[in-house]
Amino acid sequence: MELKRRLYEALAPEARRTGLSVTNTCIVGLVILSFLFLALETEPTLHEPGWELVFDVFNVAVICIFALEYIARVWSAGIDPAYRGFRGRLRFMTQFYSIADLLAFLPELILMAMGSGVSLLVLRVLRLARLIKIARFIPAFEALGAAVRRASSLLLTSLALAVTLVYVAAVLLYFVEGVGGEQQEAFASIPRAIWWSVATLTTVGYGDVYPVTPLGRFCAGIIAIVGIGVVALPAGVFASAFSDELRERELSSLRSELEQTRADAAAEKPND
């Protein structure tokens, strides 16, 4: 029981009031290191027997460590009354972060066991799931998700407006440049014109497709100006929601500290 409690305090972020345990800090560092090795594996100059052995040993070690960590998390979760027993463990294993922990090693472990017929690209893509693994340790990720949920309706409205403007712009340039004007191949259909519309309204402006007629350029200029607002609107909505979320979290933390101080003062008063 003592070992289980120590594991729980070392692995569960909610078991600590502030900061990360040494174990979780090492896990975060290992995830970051695995992404560094993922980048190095794509470097052609490192495709040599010596480096490939280093990569293979490192990847196997990471998989084994994450597997042991997952088993330890499931076993020690019973310290929390909500996760005791078989149903409690099952409830813990079906949580979002628990599934992320499982995806951090199990798919790659299975694919590696299947042999060399498995594409290396598949293994590399699956490692991106480890990014979710560290989200629980970084408060900014949680605040980011809360801000998205807070502003979800406004963000969906902005997205609907953006999609509508993309389609209207594509239809407009199709008739101006595709049907009339110079009848450019890039505007020969509405689906083709959508590429130009997306690049213009998002202010990317690749320059590979552009109108050549005076009317087309005039319309494109108006659409480009409107695109500034299309990009700025959701950015402003999200920035406001994120700021409100951080402010509420700070106030909540201050309230908790104040209540704890009052509770400590009340506990010491009878002794006086």
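Residues numbered from 1 in each chain as written. Predicted model: local features only at pLDDT ≥ 70, side-chain atom pairs only at ≥ 80, totals over all residues. Heavy atoms only, no water.

## Some points on the layout of surface pockets
Size it by volume and the largest pocket reaches roughly 1,000 Å³. For the largest pocket, the lining is made up of 31 residues, of which Pro13, Glu14, Arg16, Arg136 and Glu142 are closest to its centre. With 6 residues, helix H12 (residues 214-268) is the largest single contributor of residues to the lining of the largest pocket. The residue makeup of the lining of the largest pocket, split by class, is 13 nonpolar, 9 polar and 9 charged. (1 Å grid on protein atoms, 1.4 Å probe; cavity = no way out; pocket = protein on both sides within 12 Å on 5 of 7 lines; lining within 4 Å. Points joined across faces, edges and corners; volume = space filled by probe spheres on them. Helix = DSSP H or I, 4+ residues; strand = E, 2+ residues; numbered from the N terminus. Nonpolar A, V, L, I, M, F, W, Y, C, P; charged D, E, K, R; others polar.)

## Side note on the nonpolar core
Phe66 and Phe105 are the most contacted members of the largest nonpolar core, which totals 23 residues. Of all the secondary-structure elements, those providing two or more residues to this core are helix H2 (22-41) and helix H3 (49-76). Not counting residues within four places of it along the chain, the set of residues in contact with Phe105 comprises Ile63, Phe66, Ala67 and Tyr70. (Core = buried A, V, L, I, M, F, W, Y, C linked by side-chain atoms within 4.5 Å. Buried < 20%, exposed > 50% of the residue type's maximum accessible area, 1.4 Å probe, protein only. Contact = heavy atoms within 4.5 Å.)

## A few points about the side chain of Glu245
Mapping Glu245 onto the fold places it in helix H12. For Glu245, a relative accessible area of 11% puts it in the buried group. Within the structure, Glu245 has its side chain in polar contact with the side chain of Arg150 (distance 3.0 Å). For Glu245, the residues in contact, after removing those within four places along its chain, are Ala143, Ala146, Ala147 and Arg150. (Polar contact = N/O pair within 3.5 Å; in protein donor to acceptor, adjacent residues only side chain to side chain.)

## Some remarks on the state of the cysteines
If you walk through the whole model with that rule in mind, you get 0 disulfides. For the unlinked cysteine Cys26, the closest cysteine sulfur is that of Cys64, found at 17 Å. The exposure class of Cys64 is partly exposed, given its relative accessible area of 43%. (Disulfide = S-S within 2.5 Å.)

## Describing the environment of Gly85
As for its placement among the helices and strands, Gly85 is situated in helix H4 (residues 85-93). When the C-alpha positions of Gly85 and Arg130 are compared, they lie 28 Å apart, and in sequence the two are 45 residues distant.

## A word on unusual backbone geometry
Unlike most non-glycine residues, Thr203 shows phi in positive territory, near 60°. As for its placement among the helices and strands, Thr203 is situated in the loop between helix H11 (190-201) and H12.

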